Amino acid sequence: MREFDCIDSIGVVGAGTMGNGIAQVAATAGYDVIMHDIEQDIVDHGYETVEDSLSRLVSKEAMTESEADDIRDRITGTTEFDDLCGCDFAIEAAVEDMDIKQDIFEDLDETVDDEVVLATNTSTLSITTIASATERAELVVGMHFMNPVPLMKGVEVVVGEKTTADVVSLAHDLAECFGKETWTSDDKPGFVSNRILMPWINEGIRAYDEGVASMQDIDRGMKLGTNVPMGPLELADHIGLDVCLDATETLYEELGDRYKPAYLLKRKVATGDLGKKTEAGFYRYD
């Protein structure tokens, strides 16, 4: 395993919402970042998202323009997987699909040096199963960042069946270097965060569908009653209803009826109303 003080470059596989956020916080912490995706348009959009985020921080005087330029310069986008070969730590942030993740980890295993730790940002899928696609299962760990990555403080470190204690410690140290706070979960369905969060969102959707209260009152009641920053319907829109459905269906398959996805959630996804990213979910974002 590569030691913490020997990590200079971070490879990020995936330039979407989570991937570009991870790239930003890694570059902000001083690491050189290789951000990979399969299409140049996705890479370009990911880089533009980082630029927009840094510009907002400069406008709020949270950093100087010079500091933002340094962060931008530390991120290199690419569609060539071999460009990841020299990274000292790799983080996968692709879609929540086991086959895709296993393919990526098989490629990473063949591309990066043998002592490089491979982390996955999965929110529900088994670390152990993902690691089985590699010849280094002991060096595979979960690092579940919260969305949006630059703003949210939490990172869930998930321990696979063969993950060593040193790798777990390294994942905690690296996340803390990124400015995050961490907790540890065993490799059980949903880990800590989504095992508890998804039923909360799902029940909020059911309550609305069954006429318990309006969307606004459900969200307002949860915010005022439990001191959370967003109610379940607002949060579902923010996360993406398709992401919520995927996570809930995974939990339903693993843990049974208490995680059965709400009918209205499935209907919203089927009609393409996925939340903020499509400008319509439970709320509209014109």
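As recorded by an unreviewed UniProt entry, the protein chain carries the name 3-hydroxyacyl-CoA dehydrogenase family protein and is attributed to Halocatena marina.

1. Overview of the sheet that holds strand β7 (residues 154-159)
Backbone-to-backbone hydrogen bonds pair the strands of a sheet. The strands run either parallel or antiparallel. The strand order across the open sheet formed by eight strands is β3-β2-β1-β4-β5-β6-β7-β8, and the pairing between neighbours is mixed. Looking along the sheet, the strands with just one partner apiece sit at the ends: β3 (75-78) and β8 (181-186). Strand-to-strand twist of the sheet, defined as the mean angle between neighbouring strand axes without regard to direction, takes the value 25°. Relative to strand β6 (residues 140-145), strand β5 (residues 117-120) runs parallel, the two sharing three bridges. If you follow T120 over to β6, its bridge partner there is G142. Those strands touched by helix α4 (residues 98-111) are β1 (9-13), β4 (89-92), β5 and β6, and its axis lies near 165° from that of β5.

2. Structural notes on the pairing of β4
Of the two faces of β4, the one carrying F89 and I91 and the one carrying A90 and E92 are both buried. In this view, the connection linking β4 to its parallel neighbour β5 by way of α4 has right-handed handedness.

3. Some points on the packing of helix α2 (residues 40-59) against helix α3 (residues 65-73)
Running from N to C, α2 and α3 point in directions that differ by 165°, and their axes come no closer than 9 Å. By the angle class used here, α2 and α3 are roughly antiparallel. As α2 packs across α3, the resulting crossing turns out to be right-handed. Contacts from Y47, E51, L54, S55 and V58 in α2 reach E65, A68, I71, R72 and D73 in α3.

4. So, the packing of helix α10 (residues 241-255) against helix α11 (residues 263-270)
As a packed pair, α10 and α11 sit with axes 9 Å apart at the nearest point and diverge in direction by 130°. Relative to α11, the element α10 is oriented oblique. When the axes of α10 and α11 are compared, the crossing they make is left-handed. Taking contact as the criterion, the partners of L241, D242, C244 and L245 in α10 are, on α11, L265, K266, K268 and V269. Among the residues making up the contact of α10 with α11, the classes are represented as five nonpolar, no polar and three charged.

5. Examining the pairing of β1
A regular strand places its side chains so that they alternate between the two faces of the sheet. Of all five residues that make up β1, five are buried, and the element is covered over most of its length. Where β1 meets strand β2 (residues 32-36), five bridges bridge the pair, whose relative direction is parallel. For V12, the partnering residue across the bridge sits in β2 and is M35. A crossover connection joins β1 to the parallel β2 through helix α1 (residues 17-28); in handedness this β-α-β unit is right-handed. In this structure, β1 lies alongside β4, joined through four bridges in parallel fashion. Residue pairing for β4: V12 is matched across the bridge by I91.

6. Description of the side chain of E156
Relative to the helices and strands, E156 is located in strand β7. One buried charged side chain, E156, makes no salt bridge at all; its nearest oppositely charged neighbour is R195, positioned 9.9 Å away. For E156, the side chain forms a polar contact with the side chain of W183, separated by 3.0 Å. Within the local environment of E156, its side chain forms a polar contact with the side chain of S193, the two groups lying 2.7 Å apart.

7. Overview of the packing of aromatic side chains
Enumeration according to the criterion identifies three aromatic pairs in this entry. Consider the rings of Y31 and F178, whose centres lie 5.9 Å apart with planes at 80°: the pair is edge-to-face. Linking Y31 in the loop between α1 and β2 with F178 in the loop between α6 (165-177) and β8, this pair joins segments that are 147 residues apart in sequence. Residue F178 is classed as buried on the basis of its relative accessible area, which comes to 7%. Between Y208 and F282 the ring centres are 6.4 Å apart and the planes differ by 85°, which places this aromatic pair in the edge-to-face class. A residue pair is termed long-range when its members are at least 10 positions apart, and Y208 in helix α7 (residues 193-209) and F282 in the segment after α11 qualify at 74 residues. Every member of this aromatic cluster is reached through a ring pair, and the members are Y31, F145 and F178.

Conventions adopted
- One numbering rule holds for all chains: residues counted from 1, following each sequence as written.
- A pLDDT threshold of at least 70 governs which residues receive local features in this predicted model, and a stricter bar of 80 or more applies before side-chain atom pairs are shown or counted, although totals over entire chains, interfaces and linings include all residues.
- Only hydrogens and water are set aside when side-chain values are computed; all heavy atoms of the structure are taken into account.
- Paired strands are those between which DSSP finds at least two bridges.
- To qualify as a helix, a DSSP run of H or I must reach at least 4 residues; to qualify as a strand, a run of E must reach at least 2; elements of each kind are numbered from the N terminus.
- Angles here are taken between N-to-C directions and fall from 0 to 180 degrees, while the axes themselves are lines fitted to C-alpha atoms, restricted in helices to the stretch in contact.
- Any two residues having at least one pair of non-hydrogen atoms within 4.5 Å are treated as being in contact.
- Between buried and exposed lies partly exposed: a residue is buried under 20% and exposed over 50% of the maximum accessible area for its type, with that area taken using a 1.4 Å probe on protein chains only.
- Crossovers are described as right-handed under a simple rule: with the strands pointing away from the observer, the path leading from the first strand over the helix to the second runs clockwise.
- If an angle is under 35 degrees, it is roughly parallel; if it is over 145, roughly antiparallel; if it lies from 65 to 115, roughly perpendicular; otherwise it is oblique.
- By convention the crossing between two helices is left-handed if the near helix lies anticlockwise of the far one by an angle smaller than a right angle, and right-handed if it lies clockwise.
- Ten residue types, Ala, Val, Leu, Ile, Met, Phe, Trp, Tyr, Cys and Pro, are classed as nonpolar, four, Asp, Glu, Lys and Arg, as charged, and the remainder, Gly among them, as polar.
- Within this scheme the basic residues Lys and Arg register as positive and the acidic residues Asp and Glu register as negative, but His and the chain ends are omitted.
- Within this document, salt bridges are pairs made up of a side-chain nitrogen of Lys or Arg and a carboxyl oxygen of Asp or Glu, the two lying within 4 Å of each other.
- Any pair of N or O atoms that falls within 3.5 Å is considered a polar contact. Within protein, one atom must be able to donate a hydrogen and the other to accept it, and sequence-neighbouring residues count only if both atoms are side-chain atoms.
- Aromatic contacts are taken between Phe, Tyr and Trp rings whose centres are within 6.5 Å, Trp giving its six-membered ring; a plane angle under 30 degrees counts as stacked, one over 60 as edge-to-face, and the others as tilted.

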